[in-house]
Amino acid sequence: QVHLAESGGGLVQPGGSLRLSCVASGRIFSILTMGWYRQAPGKERELVASVTSNGNTRYKESVKDRFIISMDKGRRTVYLQMNSPKPEDTGTYYCYAEIGKENIMNYSTDYWGRGTQVTVFS
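A closer look at unusual backbone geometry
(1) Moving on: Despite not being glycine, Arg-76 shows a phi value in the positive range, around 55°.
(2) Moving on: With respect to the element layout, Arg-76 can be found in the loop between β7 (67–72) and β8 (77–83).
(3) Moving on: Residues other than glycine seldom take positive phi values, yet Asn-106 does so here, at roughly 60°.
(4) Moving on: Within the fold, Asn-106 resides in the loop between β9 (91–100) and β10 (108–112).

Given below as structure tokens:
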């Protein structure tokens, strides 16, 4: 019903930058929240950043001063600008979306992208 298409992952050096994009498509009444989670090998998936339709943002403490999350509501796209990435930022980044359902208050469905690999090397 809803598909999240991620792009922008790849190899990056600590002095570089990277921008991840995620486009939501399908039957979408409203987007409540979009964000990015990541999972490193042998570790649990964790929140990197998220943004609500009202513009409220959340960041993992270690990326707060380096990453910027934004949403283009018209294009149903969320971006993660990754500045000054560190080796510990390496992992598979998953797009996340919380989609509201028409005419049903306090009901939403979570969707996940397939993931895009980000590797930071020096």
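Quick notes on the pattern of salt bridges
When the charged atoms of two side chains lie near each other, side chains of opposite charge can form a pair.
(1) Moving on: Applying the stated criterion to the full structure yields five salt bridges.
(2) Moving on: For Asp-89, the salt bridge is made with Arg-66, and the minimal N-O distance between the two is 2.8 Å. Here Arg-66 lies in the loop between β6 (57–59) and β7 and Asp-89 lies in the loop between β8 and β9, a separation of 23 residues in the sequence.
(3) Moving on: Among the residues examined, Arg-66 registers a relative accessible area of 11% and is labelled buried.
(4) Moving on: Overlapping salt bridges bring together Arg-38, Glu-46, Lys-60, Arg-66 and Asp-89 as one network.

Brief notes about the environment of Thr-77
(1) Moving on: With respect to the helices, strands and loops of the structure, Thr-77 is situated in strand β8.
(2) Moving on: Spatially, the C-alpha atom of Thr-77 lies 8.5 Å from that of Met-34, the residues being 43 residues apart in sequence.
(3) Moving on: Discounting residues that sit within four places of it in the chain, Thr-77 has contacts with Cys-22, Val-23, Ser-70, Met-71 and Asp-72.
(4) Moving on: In this structure the side chain of Thr-77 is engaged in a polar contact, spanning 2.9 Å, whose partner is the backbone oxygen of Arg-75.

Section: the environment of Ser-25
(1) Moving on: The topology assignment puts Ser-25 in strand β3 (residues 17–26).
(2) Moving on: On the basis of relative accessibility, which here comes to 33%, the residue Ser-25 falls in the partly exposed class.
(3) Moving on: Placed 35 residues apart in sequence, Ser-25 and Lys-60 show a C-alpha to C-alpha distance of 27 Å.
(4) Moving on: When residues no more than four places from it in sequence are discounted, the contact partners of Ser-25 are Gln-1, Val-2 and His-3.

So, how was this worked out
- Residues numbered from 1 in each chain as written.
- Predicted model: local features only at pLDDT ≥ 70, side-chain atom pairs only at ≥ 80, totals over all residues.
- Heavy atoms only, no water.
- Helix = DSSP H or I, 4+ residues; strand = E, 2+ residues; numbered from the N terminus.
- Salt bridge = Lys/Arg side-chain N within 4 Å of Asp/Glu carboxyl O.
- Buried < 20%, exposed > 50% of the residue type's maximum accessible area, 1.4 Å probe, protein only.
- Contact = heavy atoms within 4.5 Å.
- Polar contact = N/O pair within 3.5 Å; in protein donor to acceptor, adjacent residues only side chain to side chain.

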